[in-house]
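Architecture at a glance
Listed below, chain by chain, are the residues.
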Number of protein chains: 2
Amino acid sequence: MPTPNLLEIRQGVLSKNDHLASRLRQRFERAGVFVVNIMSSPGAGKTRLLEETLRRMAPRYRVAALVGDLATDNDAQRLARSGAPVRQIETGDLCHLEAHLVERHLADWDLDSLEFLFIENVGNLVCPTGYDLGEAARVVLLAVTEGEDKPLKYPSTFAAADSAVQTKADLAEAVEFDRAAAEANIALVNPDIALLYTSAKTGAGMDEWITWLEQCRVSGGLR
Amino acid sequence: MPTPNLLEIRQGVLSKNDHLASRLRQRFERAGVFVVNIMSSPGAGKTRLLEETLRRMAPRYRVAALVGDLATDNDAQRLARSGAPVRQIETGDLCHLEAHLVERHLADWDLDSLEFLFIENVGNLVCPTGYDLGEAARVVLLAVTEGEDKPLKYPSTFAAADSAVQTKADLAEAVEFDRAAAEANIALVNPDIALLYTSAKTGAGMDEWITWLEQCRVSGGLR
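A few points on the structure. Source: prediction; values computed, not measured.

Reading the values: the criteria
- Residues numbered from 1 in each chain as written.
- Chains lettered and ligands numbered in written order.
- Predicted model: local features only at pLDDT ≥ 70, side-chain atom pairs only at ≥ 80, totals over all residues.
- Heavy atoms only, no water.
- Contact = heavy atoms within 4.5 Å.
- Buried area = accessible area lost by both parts, 1.4 Å probe.
- Salt bridge = Lys/Arg side-chain N within 4 Å of Asp/Glu carboxyl O.
- Polar contact = N/O pair within 3.5 Å; in protein donor to acceptor, adjacent residues only side chain to side chain.
- Helix = DSSP H or I, 4+ residues; strand = E, 2+ residues; numbered from the N terminus.
- Nonpolar A, V, L, I, M, F, W, Y, C, P; charged D, E, K, R; others polar.
- Core = buried A, V, L, I, M, F, W, Y, C linked by side-chain atoms within 4.5 Å.
- Buried < 20%, exposed > 50% of the residue type's maximum accessible area, 1.4 Å probe, protein only.
- Least-squares fit on C-alpha atoms with pLDDT ≥ 70 in both.
- Expected span 1.5 Å × (residues − 1).
- Pairing = 2+ DSSP bridges.
- Axes fitted to C-alpha atoms, helices over the stretch in contact; angles between N-to-C directions.

Before going further, it helps to spend a moment on the interface of chain B and chain A. In this complex, chain B contributes 41 residues to the contact, which on the side of chain A involves 41 residues. A combined buried area of about 3,400 Å² lies between chain B and chain A, and 61% of that area is made up of carbon and sulfur atoms. At the boundary of chain B and chain A, one finds six salt bridges. Where chain B packs against chain A, one counts nine residue pairs in polar contact (both at pLDDT 80 or more). Looking at the side of chain B that touches chain A, the elements with two or more residues in it are α1 (4-31), α3 (74-80), α5 (150-153) and α6 (155-159) of chain B. Examining the composition of the side of chain B that touches chain A, we find that five residues originate from one element, α1(B), more than from any other. A breakdown of the residues in the side of chain B that touches chain A according to their chemical character gives 18 nonpolar, 11 polar and 12 charged.

Written out as structure tokens, the structure reads:
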């Protein structure tokens, strides 16, 4: 409705999540692994961007990925082709990942052996926002095919992110994407966000995206 | 977590919603208005499809639209250009519409004067599924740019829909969309669903989509 009771209980769940996330963040920091939480609409290209990111980074860094999905392990299978360790989190009807799911799926992983861990959240521009996963950086994707107005229509996710990665730039012309308008909209809800513009298909912007990740890791994270 | 309490309360909210939705459905049926609940990811083209649908139907039918969004009334403004009555429902942080929101925003509308009412849900492939709005037909959109695997990854929304409208067909070649694979995936989670393939930009498939709506209305709805 939501009734006050539902709100209270939701706040309880969030505060429990925050507590677990804070424990995870300490664990990640001790291990020296830089953790990136990636959010977007379904079909915005999270898996495709990650495939290309893992492929490019794997020769130089120890990288791994956790992939959240309601159903199927298609994405995990795709990412595993990079040779990086990849694990699937099936969420059932849950429209976001939570810290306890991340903690459980990392239980037997040797985090000390990793430098970058990517968490691909469930495809959703609303639900994942409230759930801290202990990440050092939070990234939101905006596919050029989704339109320039999405940052204004889903402001909370863009407001809570450290970088906005525009994806599928190779389709920009076909959909008459107005990059300046999209970036102005993103800046309206989050003036401090880093802006990137990529195509995993052509490779455009991939170097800048990976450089951004490297610089964040060196500077010790954003959260 | 979810804790049992949260589940219980969520079930309470859903059952209250079902009760209101059933009252709405009776009201719609008495008024003779055919109500369509449209769901999709953000940016899949709900507003664009509706713009073109209203434009084509308005000369022959009394049509109207209710538009749900977290923030902004951009979509309502776009749809209002068709000349049809359009009203915005701002949901704040709520990732779906609920029956009480629909009821409240329809309070002073003369439903008897309408033949078709389109409800554009919040852009989300997960949350809206559980919330009946009293609709006669439920439609899910799949943009060709989202990829063929989405029905398998978000099965609940596709399983609960009466038709799946593939959108942005004009981009199919650019993204190498495999229509047969997408339709096979949709059929796997919902063998009875009606399949449509459209481009609001070129007009392809729009006649078939409108014919589907007309036939459903004549046959008295699907729910």
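Before going further, it helps to spend a moment on the nonpolar core. Core analysis: the biggest nonpolar cluster contains 38 residues, and A:V140 and B:V140 have the highest contact counts within it. Those elements that place two or more of their residues in this core are β5 (137-143) and α7 (179-189) of chain A together with β5 (137-143) and α7 (179-189) of chain B. Sequence-distant contacts of B:V140, defined by excluding residues within four places in its chain, comprise B:M39, B:L125, B:T157, B:F158, B:A161, B:S163, B:A164, B:V165 and B:I193.

Moving on, we come to the relation of the copies chain B and chain A. Two copies of one chain are present, and they are related through a rotation about an axis combined with an axial shift. When chain B is fitted to chain A, the best match, at an RMSD of 0.0 Å, comes from turning it 180° and sliding it 0.0 Å along the axis. Taken together, these values place the two copies in the relation of a two-fold axis.

Before going further, it helps to spend a moment on helix α8 (residues 206-218) of chain A. An ideal rise of 1.5 Å per residue puts 18 Å on 13 residues; α8(A) measures up with 18 Å between its terminal C-alpha atoms. Along its buried surface, α8(A) packs onto β1 (34-39), α2 (46-57), β4 (116-120), β5, β6 (163-167) and β7 (194-197) of chain A.

Let's shift gears to the sheet that holds strand β6 (residues 163-167) of chain B. Residue and element names in this part refer to chain B. The strand order across the open sheet built from seven strands is β3-β2-β4-β1-β5-β6-β7, with neighbouring strands paired in parallel fashion. Of all the strands in the sheet, just β3 (86-90) and β7 (194-197) have a single pairing partner and so form its edges. Along the sheet, successive strands turn relative to each other by an average axial angle of 20°, direction set aside. With five bridges joining them, strand β1 (residues 34-39) and strand β4 (residues 116-120) adopt parallel strand pairing. Within β4, the position partnered with F34 by the bridge is F116. Seen against the sheet, helix α2 (residues 46-57) touches β1, β2 (63-69), β4, β5 and β6 and runs at an angle of roughly 170° to β4. Contacting β5, β6 and β7, α7 runs over the sheet at an angle of about 155° to β6.

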